[in-house]
Amino acid sequence: MRNTFGNIYTLTTFGESHGEAVGGVIDGMPAGIDIDMQFIQAELDRRRPGQSDVTTSRQEADRVEILSGVFEGKTTGTPIGFIVRNTNHHSQDYESMRCLFRPSHADFTYQKKYGIRDHRGGGRSSARITISRCVGGAFAKLVLRQMGISVRAYTSQVGNIALEPDYRRYDLSLTETNVVRCPDPMKAEAMAQLIRQIKSEGDTIGGVITCVVSGCPIGLGEPEFGKLHAALGGAMLSINAVKGFEYGEGFASASKRGSELNDIFVNDSGAISTTTNHSGGIQGGVSNGQDIYFRVAFKPVATLLQDQSTVDLEGTPTTFKARGRHDPCVLPRAVPIVEAMAAMVILDYILIEKTVKM
């Protein structure tokens, strides 16, 4: 199994949903970076379960423990080891699922691939493993912040309730003011009500997260097989429940003409810029200095608190009803995960570019 992400800035993760802890090792972190532990913990708190009535009721403190790589508040340039202990897992809720395959989960594929699986909460396939990504992303954000680069994501759609595609129409500072992390207060309340309704029915709902990277330098990305948008797409598609990725105008560009989508170059007070940003800040696989923006589609959570048909390990038809504490919609807690993956990609590609120019 490949458990390491990145090229120069890398994150190796370990752990299972109901194991003793989840954690990771960050390598390639520049030395001398001031570490703000309150910021890192706050990033984990944004992902933490039990934070509102539209998320799972599982209660975990999710306190990160740094084991190495930081001395007197600064990174040393050596590997950063960390763990987050699991303290509130209810493994008994999954005992009835030991010998059957839950629809649309990784149960079947893991069993066939490895011949063994941890049925408790999905084990390694659980979204709880994304804790490590948030820690890796938080460290990356601390470096990017010193470079004037920001990474901001928000919920732009839940079910059929959607914001306008243009992120510039919204005040993104409002994202953290509501439980669904949407910068439009009215749409946010409608989204929250929909999630509550879906939850009361024992069902789940999907949606879309939009992410904006501002201040990114020109020149990140390789022309052929290391395109920046491909790296971002791969990072996003590695997140649990993600089913789609588009950057810039994305799929909407398929119905438009070139004359509508070309970004015209202009001289902007001595600097070359463009009048529009349909390209999403990336042209030819390389960043062009404009905002990088993309959208990530999430499917509904596969665990339903309803009766479902399936088969057991021998292929015998059966029915079951899931127990336990599950998110009716992953969007609110997935916002910091999207940011974390984007931050790690951008920092990794900055370090690659720095190495190329040495």
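Structure's up top.
Residues numbered from 1 in each chain as written. Predicted model: local features only at pLDDT ≥ 70, side-chain atom pairs only at ≥ 80, totals over all residues. Heavy atoms only, no water.

**Q** Just to check I follow, could you spell out the nonpolar core for this structure?
**A** As a rule of thumb, nonpolar side chains are buried together in soluble globular proteins. Grouped together as the largest cluster of nonpolar side chains are 83 residues, with contacts concentrated most on Met 236, Phe 294, Phe 298 and Val 338. Residue contributions to this core peak at 16 residues, all from helix H7 (residues 331-356). Leave out the neighbours within four places in its chain, and Val 338 touches Ala 153, Ile 209, Cys 211, Met 236, Ile 239, Phe 294, Val 296 and Phe 298. (Core = buried A, V, L, I, M, F, W, Y, C linked by side-chain atoms within 4.5 Å. Buried < 20%, exposed > 50% of the residue type's maximum accessible area, 1.4 Å probe, protein only. Helix = DSSP H or I, 4+ residues; strand = E, 2+ residues; numbered from the N terminus. Contact = heavy atoms within 4.5 Å.)

**Q** Looking at this structure, I do not really get the pairing of strand E2 (residues 10-15). What am I missing?
**A** Direction of pairing for strand E1 (residues 4-5) relative to E2: antiparallel, over a ladder of two bridges. Paired with Thr 4 across the strands is Thr 12, a residue of E2. From the end of E1 to the start of E2, which pair antiparallel, there are four residues, and Gly 6 there has a positive phi angle of about 105 degrees. Counting the residues in the hairpin turn of E2 and strand E3 (residues 21-27) gives five residues. (Pairing = 2+ DSSP bridges.)

**Q** When you look at the packing of helix H1 (residues 37-47) against H7 in this model, what are you seeing that I'm missing?
**A** How two helices pack is summed up by the angle between their axes together with the distance between the axes. Where H1 meets H7, the axes come as close as 7 Å, and the angle between the chain directions of the two elements is 140 degrees. With respect to H7, the element H1 is oriented oblique. Touching Glu 43, Arg 46 and Arg 47 of H1 are Pro 332, Arg 333, Val 335, Pro 336, Ile 337 and Glu 339, all from H7. The residue inventory of the contact of H1 with H7, partitioned by class, reads four nonpolar, no polar and five charged. (Axes fitted to C-alpha atoms, helices over the stretch in contact; angles between N-to-C directions. Parallel < 35°, antiparallel > 145°, perpendicular 65-115°, else oblique. Nonpolar A, V, L, I, M, F, W, Y, C, P; charged D, E, K, R; others polar.)

**Q** Even after reading the chapter, I still don't get the sheet that holds strand E9 (residues 161-162), so can you show me in this structure?
**A** Adjacent strands of a sheet form backbone hydrogen bonds with each other and so pair up, either parallel or antiparallel. The five strands lie next to each other as E9-E8-E10-E16-E11, forming an open sheet whose pairing is antiparallel. The two strands at the open ends of the sheet, each matched to only one other strand, are E9 and strand E11 (242-247). Two strands pair when backbone bridges link them, and strand E10 (residues 207-214) and strand E16 (residues 292-298) are joined in this way by seven bridges, in the antiparallel orientation. Directly across from Val 213, in E16, lies its bridge partner Ile 292. Along the sheet face, helix H5 (residues 228-237) touches E11 and E16 and points at about 160 degrees away from the line of E11. Against the sheet, H7 engages strand E8 (150-158), E10 and E16, with an angle of about 145 degrees to E8.

**Q** Help me understand helix H4 (residues 185-200) in this model?
**A** Residues spaced three or four apart along an α-helix face the same direction, because each turn holds 3.6 residues. For H4, with 16 residues, the first-to-last C-alpha span of 23 Å sits near the 22 Å given by 1.5 Å per residue. Every buried residue of H4 is listed here: Ala 188, Met 191, Ala 192, Leu 194, Ile 195 and Ile 198. The buried residues of H4 all sit within an arc of 160 degrees when viewed along its axis, so they share a single face. The outward face of H4, more than 90 degrees from its buried face, is lined by the exposed residues Met 186 and Ser 200. Tucked inside the fold, the buried residues of H4 contact E8 and E9. Its side-chain oxygen at 3.1 Å from the backbone nitrogen of Met 186, Asp 184 defines the N-terminal cap of H4. Gly 202 sits one or two residues past H4 and shows a positive phi near 75 degrees. (Expected span 1.5 Å × (residues − 1). Arc of directions from axis to C-beta. Polar contact = N/O pair within 3.5 Å; in protein donor to acceptor, adjacent residues only side chain to side chain.)

**Q** Can you walk me through the packing of aromatic side chains in this structure?
**A** Any pair of aromatic rings gets described here by the distance separating the centres and the angle formed by the planes. Inspection of the entire model under this criterion finds four aromatic pairs. Judged by centre distance (5.3 Å) and plane angle (85 degrees), the rings of Phe 101 and Phe 108 are edge-to-face. Assessed through its relative accessible area of 9%, Phe 101 is described here as buried. Classification of Phe 108 as partly exposed rests on a relative accessible area of 43%. Judged by centre distance (5.8 Å) and plane angle (75 degrees), the ring pair of Tyr 110 and Tyr 114 falls under edge-to-face. Of this pair, Tyr 110 and Tyr 114 both sit in helix H2 (residues 107-114), separated by four residues, roughly a single helical turn. By relative accessible area, which is 23% here, Tyr 110 ends up partly exposed. Between Arg 145 and the ring centre of Phe 39, over which it is positioned, the NZ or CZ distance is 4.9 Å. (Phe/Tyr/Trp six-rings, centres within 6.5 Å; stacked < 30°, edge-to-face > 60°. Lys NZ or Arg CZ within 6 Å of the ring centre and 35° of its normal.)

**Q** Hey, could you run me through the environment of Ser 156 in this one?
**A** Turning to its location among the elements, Ser 156 is positioned in strand E8. Under the relative-accessibility criterion, Ser 156 is labelled buried at 4%. Reaching out from Ser 156, the side chain makes a polar contact with the side chain of Thr 210 at a distance of 2.9 Å.

**Q** Just checking my understanding: could you explain the pattern of salt bridges for this structure?
**A** Close approach of charged atoms allows side chains with opposite charge to pair. Under the counting rule described, the total for this entry stands at 19 salt bridges. With its nearest N and O atoms 3.3 Å apart, the salt bridge here joins Glu 43 to Arg 46. Of this pair, Glu 43 and Arg 46 both sit in helix H1, separated by three residues, roughly a single helical turn. The pair formed by Glu 43 and Arg 46 is uniform in burial state, with each residue classed as buried. Between Glu 246 and Arg 295 there is a salt bridge, and its shortest N-O distance comes to 2.8 Å. With a gap of 49 residues between them, Glu 246 in strand E11 and Arg 295 in strand E16 connect regions that are remote in the sequence. Under the relative-accessibility criterion, Arg 295 is labelled partly exposed at 24%. In the salt-bridge network here, residues are joined through shared partners; they are Glu 43, Arg 46, Lys 141, Glu 176, Arg 181 and Glu 339. (Salt bridge = Lys/Arg side-chain N within 4 Å of Asp/Glu carboxyl O.)

**Q** So what exactly am I meant to see when it comes to the sheet that holds strand E7 (residues 80-85) here?
**A** Taken in spatial order, the five strands of this open sheet run E1-E2-E3-E7-E4, and their pairing is antiparallel. Each end of this open sheet is capped by a strand with a single partner; those strands are E1 and strand E4 (64-66). Sheet topology places E3 next to E7; six bridges connect them, and they run antiparallel. Bridge pairing in E7 links Gly 24 to Phe 82. Docked against the sheet, H1 engages E4 and E7, running at close to 140 degrees with respect to E4.

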